[in-house]
Amino acid sequence: MARMTACPYRLSLRRAHQLDHLEAGCTVNIDAFNAVVIMETALSHSVLLKCMDGCIRDLSGLAGTYAIIEKTDQAIDLILKKLKEYEVYKAVFWIDAPVSNSGRLKTHIAERAEQLDFPIDLKMVRNADTELKKLDHVISGDSEIIEQCVSWYNLYPDLLKEVDDPWIVEEKPR
């Protein structure tokens with residue numbers, strides 16, 4: 001329940017930085033593990049949380065470990081196709097280098113972007129959260145990131161429309 005709720009002050013911080021749309025031609029900064037894991041979770045029909053701030057979050061909690069699964073490429077494709085649909089100029093994927101298989105995820109993202117002819121940059125960094133907190137046009141559901149970044153867009157509800165019958169548990173503000 002703690003991942004789903006937030007006090008009014010925290011909710012106002014998140015909303016203050018939220019974009020209501022992505023402008024055509026913009027560059028987005030993507031929390032790579034956050035985005036891919038959420039979409040893998042949806043495609044696997046595992047539970048996702050729709051939180052009070054409108055963000056979608058998963059329950060997996062990477063804790064330094066990640067594995068490429070059967071749904072990884074499909075998850076990446078959905079993300080890239082949606083960004084292409086929004087006429088985003090480029091996506092910068094921020095990847096936590098210390099997480100296991102981060103190099104493999106980087107390779108999968110690069111291959112899918114090349115096949116879909118979508119421009120990307122891949123940034124392997126010690127801590128993606130620290131970098132994303134300084135940026136604009138961030139795509140993440142991480143509460144700390146979206147409270148502190150310059151601006152963010154909630155892409156996941158739109159992405160989940162592309163998934164057949166996602167399992168979403170919702171907490172509505174009172």
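This is a predicted model, so every value here is computed, not measured.

1. Here's the deal with the sheet that holds strand β6 (residues 138-139)
Part 1: One open sheet holds the four strands; their spatial order is β5-β4-β1-β6, and the pairing between them is parallel. Strands at the two margins of the open sheet, each flanked by one partner only, are β5 (120-125) and β6.
Part 2: Of the strand pairs in this sheet, strand β1 (residues 27-31) and β6 are connected by two bridges, and their pairing is parallel. Residue I30 lies in a different strand from β6, and its bridge partner there is I139.
Part 3: Across the sheet, helix α2 (residues 32-43) is in contact with β1 and β4 (90-96); its angle to β1 comes to roughly 70°.
Part 4: Most of the contacts of helix α4 (residues 102-115) go to β5, to which it runs at about 175°, and overall it touches β4 and β5.

2. Some points on the nonpolar core
Part 1: By size, the foremost hydrophobic cluster in this structure holds 41 residues, and its most contacted members are L22, V28, I30, M39, I79 and L83.
Part 2: Secondary structure elements with two or more residues in this core: β1, α2, α3 (72-85), β4, α4 and α7 (156-160).
Part 3: Of all the elements, α2 adds the most residues to this core, at nine residues.
Part 4: Discounting residues that sit within four places of it in the chain, I30 has contacts with A35, I79, L83, A91, V92, F93, W94, L132 and I139.
Part 5: Of all hydrophobic cores here, the second largest spans 11 residues; its members include C55, V92, V138 and I146.

3. Looking at the pattern of salt bridges
Part 1: Evaluated as defined, the whole model comprises eight salt bridges.
Part 2: Within this structure, K82, E85 and E162 form a network of salt bridges that share partners.

4. Brief notes about the sheet that holds strand β7 (residues 168-170)
Part 1: Strands sit in the order β3-β2-β7 across an open sheet of three strands; the sheet is mixed. Looking at strand neighbours, the two that pair on one side only are β3 (56-58) and β7, the edges of this open sheet. Within the sheet, the average angular offset between the axes of one strand and its neighbour, ignoring direction, is 30°.
Part 2: As judged from the three bridges shared by strand β2 (residues 48-50) and β3, these two strands associate in the antiparallel manner. Residue pairing in the sheet places L48 in a bridge with D58 of β3.
Part 3: Running over the sheet, α2 touches β2 and β3 and is turned about 80° from β3.

Criteria and cut-off values
- Residues numbered from 1 in each chain as written.
- Predicted model: local features only at pLDDT ≥ 70, side-chain atom pairs only at ≥ 80, totals over all residues.
- Heavy atoms only, no water.
- Pairing = 2+ DSSP bridges.
- Helix = DSSP H or I, 4+ residues; strand = E, 2+ residues; numbered from the N terminus.
- Contact = heavy atoms within 4.5 Å.
- Axes fitted to C-alpha atoms, helices over the stretch in contact; angles between N-to-C directions.
- Core = buried A, V, L, I, M, F, W, Y, C linked by side-chain atoms within 4.5 Å.
- Buried < 20%, exposed > 50% of the residue type's maximum accessible area, 1.4 Å probe, protein only.
- Salt bridge = Lys/Arg side-chain N within 4 Å of Asp/Glu carboxyl O.

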